[in-house]
Amino acid sequence: MPHADYDACLAMPFGALGVRVEAGELTRLEFLPAGTPAFAGRDPLVTEVCRQLQAYLADPHFVFDLPLRLAGTPFRQRVWQALREIPAGETRTYGELARQLRSSPRAVGQALGDNPVPIVLPCHRVVSGAGLGGFNHHAAGAAIEVKRWLLRHEHAT
């Protein structure tokens with residue numbers, strides 16, 4: 001049975017991904033637990049989001065081309081825009097991104113954790129100078145396993 005919070009739910013190798021669109025723009029992708037029932041949406045944009053996510057699963061160098069509505073402060077918008085410049089198979093550290101944006105690694109990390117469309121805006125490509133770092137406001141558990149999977153998928157580890 002479809003979940004009321006999402007327009008679609010896509011089964012992924014690491015669990016499930018809830019898809020939310022509003023007024024012709026992608027507004028949210030949310031990691032959901034493995035076993036969450038998948039369902040397809042009827043909206044043409046939802047279908048296209050799912051098609052592009054499947055294309056990414058088939059080819060980690062696939063470049064997303066989706067209309068996005070990203071609610072966030074100007075600083076968060078700058079951080080999220082910077083993510084688009086990190087190619088698949090490469091990583092940047094929080095510190096490198098912070099220097100580029102003239103900010104602090106902690107502020108960058110908070111903005112990354114609030115990324116409303118992970119994978120499309122590849123926050124998983126930002127790592128700690130000492131290792132993997134956090135993901136989706138988590139330092140351990142399922143979220144970190146998703147980050148590991150995404151980086152392995154892109155041959156970045």
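All residue numbers refer to positions counted from 1 along the written sequence of the respective chain. In keeping with the model being predicted, local features are shown solely for residues with a pLDDT of at least 70 and side-chain atom pairs are shown and tallied solely at 80 or more, while totals for entire chains, interfaces and linings include all residues. Calculated side-chain values reflect all of the structure's heavy atoms, with hydrogen atoms and water omitted.

Colleague: I tried to follow the pairing of strand β3 (residues 25-32) on my own but got confused; where do I start?
Modeller: Every other side chain in a regular strand lies on the same face of the sheet, so the side chains alternate between the two faces. Two strands make a pair as long as DSSP finds a minimum of two bridges between them. The secondary structure listing takes helices from DSSP runs of H or I that are at least 4 residues long and strands from runs of E that are at least 2 residues long, numbered from the N terminus. Looking at chain direction, strand β2 (residues 15-22) and β3 are connected through seven bridges and run antiparallel. The residue of β3 that forms the bridge with V21 is L26. If you look at the hairpin formed by β2 and β3, you'll find two residues sitting between the two strands, and A23 has a positive phi there, around 50 degrees.

Colleague: Would you explain the layout of surface pockets in this entry?
Modeller: Leftover empty space is mapped by rolling, across the atoms, a probe with the size of a water molecule. The space that makes up the largest pocket amounts to roughly 300 Å³. Lining the largest pocket are 18 residues; nearest its centre among them are V63, F64, R84, V120 and P122. Under the grouping applied here, Gly and all other residues not named as nonpolar or charged are polar, the nonpolar ones being Ala, Val, Leu, Ile, Met, Phe, Trp, Tyr, Cys and Pro and the charged ones Asp, Glu, Lys and Arg. A class-by-class count of the residues in the lining of the largest pocket yields 14 nonpolar, one polar and three charged. In this analysis the probe radius is 1.4 Å and the grid spacing 1 Å, with only protein atoms considered; a cavity is a set of points the probe fits into but cannot get out of, a pocket is an open set with protein on both sides within 12 Å along at least five of seven lines, and lining residues have an atom within 4 Å of a point. Grid points are joined across faces, edges and corners, and a volume is the space filled by probe spheres set on the points.

Colleague: Is there a simple way to explain the packing of aromatic side chains in this structure?
Modeller: For Phe, Tyr and Trp, rings pair up if their centres lie within 6.5 Å, where Trp contributes its six-membered ring, and each pair is then called stacked (planes under 30 degrees apart), edge-to-face (over 60) or tilted (otherwise). Taken as a whole and assessed by the stated rule, the structure comprises five aromatic pairs. In this structure an aromatic cluster arises from ring pairing among F14, F31, F135 and W149.

Colleague: Quick question: what am I supposed to make of the sheet that holds strand β1 (residues 8-12) here?
Modeller: The pairing of strands in a sheet comes from backbone hydrogen bonds and takes either a parallel or an antiparallel form. Reading across from one edge, β1-β2-β3 is the order of the three strands in this open sheet, with antiparallel pairing throughout. Of all strands in the sheet, those with a lone pairing partner are β1 and β3, marking the two edges. Going across the sheet, the axis of each strand differs from the next one's by a mean of 25 degrees, ignoring polarity. Lying on the sheet, helix α1 (residues 44-58) is in contact with β1, β2 and β3; it crosses β1 at an angle near 10 degrees. Only the contacting stretch of a helix is used when fitting its axis, a line to C-alpha atoms as for every element, and angles between N-to-C directions run 0 to 180 degrees. Any two residues having at least one pair of non-hydrogen atoms within 4.5 Å are treated as being in contact.

Colleague: Is there a simple way to think about the environment of A98 in this case?
Modeller: Relative to the helices and strands, A98 is located in helix α3 (residues 94-101). In this structure, the C-alpha to C-alpha distance between A98 and V79, residues 19 residues apart in sequence, is 8.8 Å. Each residue touching A98, except ones within four places of it in the same chain, is listed here: S103, S104, P105 and V108.

Colleague: Would you mind going over the pairing of β2 with me for this structure?
Modeller: Here the term buried applies to any residue with accessible area under 20% of the maximum for its type, exposed to any over 50%, and partly exposed to those in between, with areas from a 1.4 Å probe on protein chains only. Of all eight residues in β2, six are buried; the element is thus mostly enclosed. Judged from the five bridges that link them, β1 and β2 form a sheet pairing that is antiparallel. The partner of A8 across the bridge, within β2, is V19. The turn linking β1 back onto β2 is made up of two residues.

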